[in-house]
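Structural description and commentary
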Amino acid sequence: MKDPVCGMEVGEKGTLITHKGKQYRFCCATCSWAFEQNPEQFLKE
Ligand SMILES: [Zn+2]
């Protein structure tokens, strides 16, 4: 899975967050924190 904040590939050890029914993984607490502050900013598709 790819960390939507920094774009890094994250393995199973990444922090898992569920947002609107979808799961996202983050490389570190800083990235998961940033995502929680403003998820839409990182979900441009
Ligand atoms: Zn990251």
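Bear in mind the structure is a predicted one, so any value in this text is a computation, not a measurement.

Conventions used here
Residues numbered from 1 in each chain as written. Predicted model: local features only at pLDDT ≥ 70, side-chain atom pairs only at ≥ 80, totals over all residues. Heavy atoms only, no water. Donors = N, O, S within 2.8 Å, 3.2 Å for Na, K, Ca; no water. Tetrahedral: all angles 85-135°; square planar, octahedral: opposite > 155°, others 65-115°. Helix = DSSP H or I, 4+ residues; strand = E, 2+ residues; numbered from the N terminus. Pairing = 2+ DSSP bridges. Buried < 20%, exposed > 50% of the residue type's maximum accessible area, 1.4 Å probe, protein only. Contact = heavy atoms within 4.5 Å.

1. Brief notes about the coordination of the zinc ion
Each donor-metal-donor angle would ideally measure 109.5 degrees in four-coordinate tetrahedral geometry, or 90 or 180 degrees in six-coordinate octahedral geometry. Summarising the metal site, the zinc ion is bound by the protein donors D3 (OD), C6 (SG), C27 (SG) and C31 (SG), whose distances to it range over 2.0 to 2.3 Å. Each of the four donor atoms bound to the zinc ion contributes to angles spanning 101 to 121°, and the resulting shape is tetrahedral. Of note, the donors binding the zinc ion are all from one chain and are spaced D-x2-C-x20-C-x3-C. Separated by 28 residues along the polypeptide, D3 in the segment before strand 1 (15-19) and C31 in helix 1 (residues 29-37) bring together distant segments of the chain.

2. Quick notes on the pairing of strand 1
By the bridge criterion, five bridges tie strand 1 to strand 2 (residues 22-26) in an arrangement that is antiparallel. Counted as the bridge partner of T18 is Q23 from strand 2. Taking the residues between adjacent antiparallel strands as the criterion, strand 1 and strand 2 are bridged by two residues, where K20 takes a positive phi near 50°.

3. Quick word on the environment of T15
As for its placement among the helices and strands, T15 is situated in strand 1. Of the residues examined, T15 reaches a relative accessible area of 35% and is grouped as partly exposed. C-alpha of T15 to C-alpha of D3: the two residues are twelve residues apart in sequence and 9.5 Å apart in space. Ignoring any residue separated from it by four or fewer positions in sequence, one finds T15 in contact with Y24, R25, F26 and S32.

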